[in-house]
Amino acid sequence: MPKNILFLSTDQQHYLAMGYLNPEVKTPNLDRLVRSGISFHRAYTVNPTCTPTRASWITGLYPSRHGAYSLGTKLDENVPTVGQEFQRAGYFTGLVGKAHFQPLLSTPQYPSLESYPVLHDLEFWKKFHGPFYGFERVELARNHTDEGHAGQHYALWMEEKGYHNWRDYFLPSPPHLKVEGDLLTESGHTKRKPGQAWEIPEEIHYNTWIAERTNALMADCVGRGQNFFLWASFFDPHPDYMVPEPYASLYDPAKVTVPEHTPGEFDDKPPYFKKALETNPDFSEYQEAGGNAIHGAGSHLLSREVKAKNIATMYGMMTMLDTYIGKILDQVEALGQTENTVICFATDHGDFWGQHGLTKKAIHHYEDVLKVPLVVSCPGTIPVGQVSNSLQSTVDLAPTFLAMAGLPVPPTMQGLNEAPVWTGQRETLRDHVIVENRHQPTTMNLRTFIDQRYKLTIHFNRPYGELYDLQDDPGELVNHWDDPAFSQVKSDLLLRFLYGEMAKDPLPMPRIAPA
C-alpha cells in the first residue's frame, strides 16, 4: 500500500532545541517521535536561509539550480516540484503555514503572491487556495510572531473564530513594505520587550491554526481513501522570540545556559566575523547592485540578561510548538495511519542564541546554523529508536519522500534518494554535503563542504577561507585555512569539493544512442 508523507517543519531552530538532546527544554512529543524512528545527528541544511532551503525542499534542487538563491528572490513557477509528482500519482497535496517561496515585494517582472498588498487582501485569499508550486490546496501565512505581515488564510481563520480584532495582536506594516492599495487597518500594537509575553490568545495562535487545519485535511483524505502529501509548516522558534502564556513563564531565565563568545576565537576567522562584536559595524563594502539586506551583517552584542530572556522565551516557543505537533501526531494515530505514514520532522536552518557571541543567522557557517534536526518515523518501515551519524542534506528530502511512497524519482532532481538509509538497508550514502549561501550576488557568496571529519568554506573572490577539524575541535574555535600543518588536508578537501560540485549536476536522461 502506498505510504502517506507527513512533513513537519519548524523555522530557524537550533538542533539542540529539543528535549532529548537538551534537558533544559521540554519537547515530549518530538521526543516520542525520536523514539519511534531515526534521528539523524549529522543532517545539514542546503542553505542557511529560508527561501533557498524551502525551494530546495520541494524541488530536490540546489539553490544554484532552482534559482531562488537568496532571500528576496522567488522560485519560478515553472520549476518542477515534488508535489506535482505526488499529484500525478493520485495523492492529495496540501501545505498549511509558511511557504516563503516568494518575496514580500512584487514587481511586474517578478510577481509575488506573498507580497504587500496582496497578503492583506483577504477577499483574494477567500477565493485562492491553489494550485501553488505543486500543492493543490494551500492555507498560508507569512508572519513570524507579531510581524505586520500577518494576513492571508491565517487572518481569515482568526475571523472565523470570532476575532475580527485580530490585527490588534500584530505590529503595523513596516513602512518600507507598506504600499498603495493596502486597505488593512493598522494596529496600535507595539514591539514586545525581551521576555515579555505575547498577549495573543492561544486559541488563535498560528500553532493552533496549523495543527487544526492539518488535522482536518488529513481526516478528509483518510475519509475518502486518498493518499496524502501534507506539509505542516510552523513559524517558530524564529525570532523575534515571543510566545503567549503559560509558555512565556515556563522557563526561568536565571536557570538557562547562555553560550558565550570565546575571547580571541575570531582572530583567525574571515574579517567580517569581528564586526559582529562591534557596536556599529560597517558592512558597506558588501553592498552591491542586485543585492539587498544581509542577514547577520550587524552588531550581535546583547547583554547576558537579554540573551537569557531570549533563550527562556525560545524554549517556551519550542514547548508550545511541541504541544501542537503532538496534536498532529495524535491525529495520525487516531486515524489508524501510523504504519502507513512516513513522518519527517526538520527545520530550514539553525539559529544562534549566543554561540560564538552571535545571535543572528546567515553568514557565519558554524554548525549552529548549518546542522539541523532531522527525524523520520514510520514503524514497520523505518527502524525504531535509532540515532544515525549518516550525513544527510535537506536537498535530499524531495527524492526521498517520493521513494518512500514507492514513486519514481525524476532524474532531474539533484538530491539523493536516502530511502535505503531511512529504512535501515544502508548505513550511509553520502560521504559529504555541500551548503550554498549566495546571500549577495558576489560580495557575500560562500559555499561549504562537510565530510565526516572536516568542514571547508570558500568565500567567492576572497583570499580568506575556513577549515575546521570537527573531530578534534567540535566548537570550531581554530581555523586551519592558513595553517601549514593542514596544507595537504586543505588541498585534498578542495579537490573533493570540486568533485562534489561536478557530481551535483543531474543527468536528465541516459545516452540512448552513440550519437
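Coordinates for the structure precede this section.
A brief report on the enclosed structure follows.

### Focus on the overall build of the protein chain
Now for step 1: Scanning the protein chain for helices and strands turns up 13 helices and 14 strands.
Now for step 2: Expected size for 515 residues packed as a compact globule is a radius of gyration near 24 Å; at 22 Å, the protein chain falls within 12% of this value.
Now for step 3: Residues classed as buried in the protein chain amount to 60% of the 515 residues present.
Now for step 4: Element-wise, carbon and sulfur atoms account for 54% of the exposed surface of the protein chain, whose accessible area totals about 20,000 Å².
Now for step 5: If you average the places of the 44 positive and of the 61 negative side-chain charges in the protein chain, the two averages end up 2 Å apart.

### Quick look at the pairing of strand 11 (residues 433-438)
Now for step 1: By the criterion of burial, strand 11 is predominantly enclosed, with five of the six residues buried.
Now for step 2: As defined by bridge partners, strand 11 adjoins strand 12 (residues 445-450) across six bridges and the pair is classed as antiparallel. The residue of strand 12 that forms the bridge with Asn437 is Leu446.
Now for step 3: Joining the antiparallel neighbours strand 11 and strand 12 is a turn of six residues.

### Remarks on the side chain of Asn437
Now for step 1: Looking at where Asn437 falls in the secondary structure, it is placed in strand 11.
Now for step 2: A distance of 2.6 Å separates a polar atom in the side chain of Asn437 from the backbone oxygen of Ala362.

### Quick notes on a nonpolar patch on the surface
Now for step 1: On the surface, Leu495, Leu498, Tyr499 and Met502 cluster together into a nonpolar patch covering about 430 Å² of accessible area.
Now for step 2: Structurally, the position occupied by Met502 is in helix 13 (residues 487-503).

### Notes on helix 11 (residues 397-404)
Now for step 1: The element helix 11 is largely enclosed, with a buried count of seven among its eight residues.
Now for step 2: Every buried residue belonging to helix 11 is among Leu397, Ala398, Pro399, Thr400, Phe401, Leu402 and Met404, and all of these are buried.
Now for step 3: Following helix 11 by one or two positions, Gly406 adopts a phi angle in the positive range, close to 80 degrees.

### Concerning the pairing of strand 14 (residues 465-469)
Regular strands have side chains that alternate between both faces of the sheet.
Now for step 1: Counting buried positions over the five residues of strand 14 gives five, a clear majority of the element.
Now for step 2: Of the two faces of strand 14, the one holding Gly465, Leu467 and Asp469 and the one holding Glu466 and Tyr468 are both buried throughout.
Now for step 3: When strand 13 (residues 454-459) meets strand 14, the two strands line up antiparallel, connected through five bridges. Its bridge partner being in strand 14, Ile458 is matched across the sheet by Gly465.
Now for step 4: Turn length for the strand 13-strand 14 hairpin, with the two strands adjacent in sequence and antiparallel, is five residues, and the turn residue Asn461 shows positive phi of about 60 degrees.

### What to know about the packing of aromatic side chains
Now for step 1: Applying the stated criterion to the full structure yields 36 aromatic pairs.
Now for step 2: When the centroid spacing of 4.9 Å and the interplanar angle of 55 degrees are considered together, the rings of Phe86 and Tyr91 count as tilted.
Now for step 3: For Phe86, a relative accessible area of 0% translates into the label buried.
Now for step 4: Ring geometry for Phe135 versus Trp231: centroids 6.1 Å apart, planes at 45 degrees, classification tilted. Separated by 96 residues along the polypeptide, Phe135 in the loop between helix 5 (122-127) and strand 5 (137-141) and Trp231 in strand 6 (residues 228-233) bring together distant segments of the chain.
Now for step 5: Of the residues examined, Trp231 reaches a relative accessible area of 1% and is grouped as buried.
Now for step 6: When the ring centre of Tyr324 is taken as origin, the NZ or CZ atom of Lys327, which lies over that ring, is 5.6 Å away.

### Regarding the packing of helix 7 (residues 206-223) against helix 9 (residues 304-334)
Now for step 1: Running from amino to carboxyl end, helix 7 crosses helix 9 at an angle of 10 degrees, the nearest separation of the two axes being 9 Å. Relative to helix 9, helix 7 is oriented roughly parallel. Between helix 7 and helix 9, the contacting residues are Asn207, Thr208, Ala211, Thr214, Asn215, Met218 and Ala219 on the first element and Met320, Leu321, Tyr324, Lys327, Ile328, Gln331 and Val332 on the second.
Now for step 2: Split into classes, the residues belonging to the contact of helix 7 with helix 9 amount to eight nonpolar, five polar and one charged.

### Describing the packing of helix 1 (residues 28-35) against helix 9
Two packed helices can be described by the angle between their axes and the distance between those axes.
Now for step 1: Contact geometry for helix 1 and helix 9: axes closest at 7 Å, N-to-C directions at 50 degrees. The pairing of helix 1 with helix 9 is recorded here as oblique in orientation. Here Pro28, Asn29, Leu30, Arg32 and Leu33 of helix 1 lie close against helix 9, whose contacting residues are Met318, Asp322, Thr323, Ile325, Gly326, Leu329, Asp330 and Glu333.
Now for step 2: Partitioning the contact of helix 1 with helix 9 into residue classes produces six nonpolar, three polar and four charged.

### Structural notes on the sheet that holds strand 6
Now for step 1: Across the sheet, eight strands lie side by side as 5-4-6-1-7-8-2-9; this open sheet has mixed pairing. The open sheet has two free edges, formed respectively by strand 5 and strand 9 (386-388), since each of these has just one partner strand. Strand-to-strand, the axes of this sheet are offset by a mean angle of 10 degrees, without reference to chain direction.
Now for step 2: In this sheet, strand 5 lies alongside strand 4 (residues 92-98) in parallel orientation, the contact comprising five bridges. Residue pairing for strand 5: Lys98 is matched across the bridge by Ala141.

### Let's talk about the side chain of Lys269
Now for step 1: Tracing the sequence through the fold places Lys269 in the loop between strand 6 and helix 8 (272-275).
Now for step 2: The exposure class of Lys269 is buried, given its relative accessible area of 7%.
Now for step 3: Lys269 has contacts with Tyr366, Tyr468, Glu476, Leu477, Val478 and Asn479, leaving out every residue within four places of it along the chain.

### Thoughts on the sheet that holds strand 12
Now for step 1: On the basis of which strands lie adjacent, the open sheet formed by four strands has the order 11-12-13-14 and antiparallel pairing. Pairing within the sheet leaves two strands with one partner each, and these edge strands are strand 11 and strand 14. Ignoring strand direction, the axes of neighbouring strands in this sheet form an average angle of 10 degrees.
Now for step 2: Along the sheet face, helix 13 touches strand 11, strand 12, strand 13 and strand 14 and points at about 75 degrees away from the line of strand 13.

Thresholds applied
- Residues numbered from 1 in each chain as written.
- Predicted model: local features only at pLDDT ≥ 70, side-chain atom pairs only at ≥ 80, totals over all residues.
- Heavy atoms only, no water.
- Helix = DSSP H or I, 4+ residues; strand = E, 2+ residues; numbered from the N terminus.
- Rg over C-alpha atoms; globule rule 2.2 N^0.38 Å.
- Buried < 20%, exposed > 50% of the residue type's maximum accessible area, 1.4 Å probe, protein only.
- Areas by Shrake-Rupley, 256 points an atom, 1.4 Å probe, with all protein chains shown as cover.
- Lys, Arg positive; Asp, Glu negative; His and termini not counted.
- Charge placed at Lys NZ, Arg CZ, Asp CG, Glu CD.
- Pairing = 2+ DSSP bridges.
- Polar contact = N/O pair within 3.5 Å; in protein donor to acceptor, adjacent residues only side chain to side chain.
- Patch = residues over 30% accessible without salt bridge, like charges linked within 9 Å, V, L, I, M, F, W, Y side chains within 5 Å.
- Salt bridge = Lys/Arg side-chain N within 4 Å of Asp/Glu carboxyl O.
- Phe/Tyr/Trp six-rings, centres within 6.5 Å; stacked < 30°, edge-to-face > 60°.
- Lys NZ or Arg CZ within 6 Å of the ring centre and 35° of its normal.
- Axes fitted to C-alpha atoms, helices over the stretch in contact; angles between N-to-C directions.
- Parallel < 35°, antiparallel > 145°, perpendicular 65-115°, else oblique.
- Contact = heavy atoms within 4.5 Å.
- Nonpolar A, V, L, I, M, F, W, Y, C, P; charged D, E, K, R; others polar.

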